[in-house]
Amino acid sequence: MVLRINYSRTILQLVLVLLALSSSHAARRYRRHKTGPSQESLMKAAERRCAQLQCSDLDQYQRQACIFKCISGRCYDVVFGQDEIEEGEFLDERIKVFKQCYRNPNFDSRTMS
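Every value quoted in this text rests on a predicted model; they were computed, and no experiment measured them.

What to know about the pattern of salt bridges
Here's step 1: In this structure the tally under the stated criterion is four salt bridges.
Here's step 2: Between R94 and D83 there is a salt bridge, and its shortest N-O distance comes to 3.8 Å. Here R94 is found in helix α5 (residues 92-103), whereas its partner D83 is found in the loop between α4 (73-80) and α5, with 11 residues between them in sequence.
Here's step 3: Taking relative accessible area as the criterion, R94 reaches 13% and is therefore assigned buried.
Here's step 4: Here E93 ties to K96 by a salt bridge, and the two come within 3.8 Å at their closest N and O atoms. You can see E93 and its partner K96 sitting in helix α5, three residues apart, about one turn around the helix.
Here's step 5: Its relative accessible area of 46% is what places K96 among the partly exposed residues.
Here's step 6: One network of salt bridges, with partners in common, ties together E40, K99 and R103.

The structure is reproduced here in structure tokens:
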């Protein structure tokens with residue numbers, strides 16, 4: 001009977017230690033991802049700021065180019081440099097590349113397929 005009680009107690013202690021370790025690991029992982037604003041939210045904030053402060057008096061197509069230049073002149077040059085935005089242009093793919101450039105300071109468009 002004494003052995004059975006010690007065995008049960010040992011299992012209980014082991015379970016409690018494992019629960020403590022797993023909750024501690026989950027808490028650390030959660031905090032690591034919440035250390036600051038995401039690149040996406042930073043870019044959206046920059047887009048709003050640029051739209052209001054620098055590009056508000058332009059027409060729709062000039063305004064979009066102005067916003068991209070304001071957010072990141074380097075990425076604008078990489079993505080749109082030789083091929084400016086044209087009226088009616090479908091920009092989804094170029095916006096995706098612009099966002100990749102914005103998130104990665106070492107981005108090189110030549111590595112894109």
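What about a nonpolar patch on the surface?
Here's step 1: Side chains of I11, L12, V15, L16 and L19 sit close together on the surface and give an oily, nonpolar patch of about 450 Å² of accessible area.
Here's step 2: The topology assignment puts V15 in helix α1 (residues 2-33).

With respect to the packing of helix α2 (residues 39-53) against helix α3 (residues 60-71)
Here's step 1: Between α2 and α3, the shortest axis-to-axis distance is 9 Å and the interhelical angle comes to 125°. Classified by the interaxial angle, the pair formed by α2 and α3 is oblique. The chirality of how α2 crosses α3 is right-handed. Touching M43, A46, E47, C50 and A51 of α2 are R63, I67, C70 and I71, all from α3.
Here's step 2: Here the contact of α2 with α3 is composed, by residue class, of seven nonpolar, no polar and two charged.

Cut-offs applied
- What you see as residue numbers is a count from 1 along each chain, following the sequence as written.
- It should be noted that, the model being predicted, local features are given only for residues of pLDDT at least 70 and side-chain atom pairs only at 80 or more, the latter also being counted only at that level, while totals for whole chains, interfaces and linings use all residues.
- Values reported for side chains reflect all heavy atoms of the structure, with hydrogen atoms and water molecules removed beforehand.
- A carboxyl oxygen of Asp or Glu within 4 Å of a side-chain nitrogen of Lys or Arg is what we treat as a salt bridge.
- The helix and strand labels rest on DSSP assignments: H or I over at least four residues marks a helix, E over at least two residues marks a strand, and numbering proceeds from the N terminus.
- The rule is simple: take the accessible area with a 1.4 Å probe, protein chains only, and divide by the maximum for that residue type; under 20% is buried, over 50% is exposed, in between is partly exposed.
- Grouping into patches uses exposed residues only, defined as over 30% relative accessible area, and leaves out salt-bridged ones; the cut-off is 9 Å for like charges and 5 Å for nonpolar side chains (Val, Leu, Ile, Met, Phe, Trp, Tyr).
- Only the protein chains shown count as cover for residues, and all accessible areas are computed by the Shrake-Rupley method using a 1.4 Å probe.
- Axis definition: a line fitted to C-alpha atoms, limited for helices to the stretch in contact. Angles are taken between N-to-C directions and run from 0 to 180 degrees.
- For this classification, under 35 degrees means roughly parallel, over 145 means roughly antiparallel, 65 to 115 means roughly perpendicular, and everything else is oblique.
- The crossing is said to be left-handed when, going from far helix to near helix, the turn is anticlockwise and less than a right angle, and right-handed when the turn is clockwise.
- When checking whether two residues touch, look at their non-hydrogen atoms; a contact exists if any pair is within 4.5 Å.
- Residue polarity follows a fixed list, in which Ala, Val, Leu, Ile, Met, Phe, Trp, Tyr, Cys and Pro are nonpolar, Asp, Glu, Lys and Arg are charged, and the others, Gly among them, are polar.

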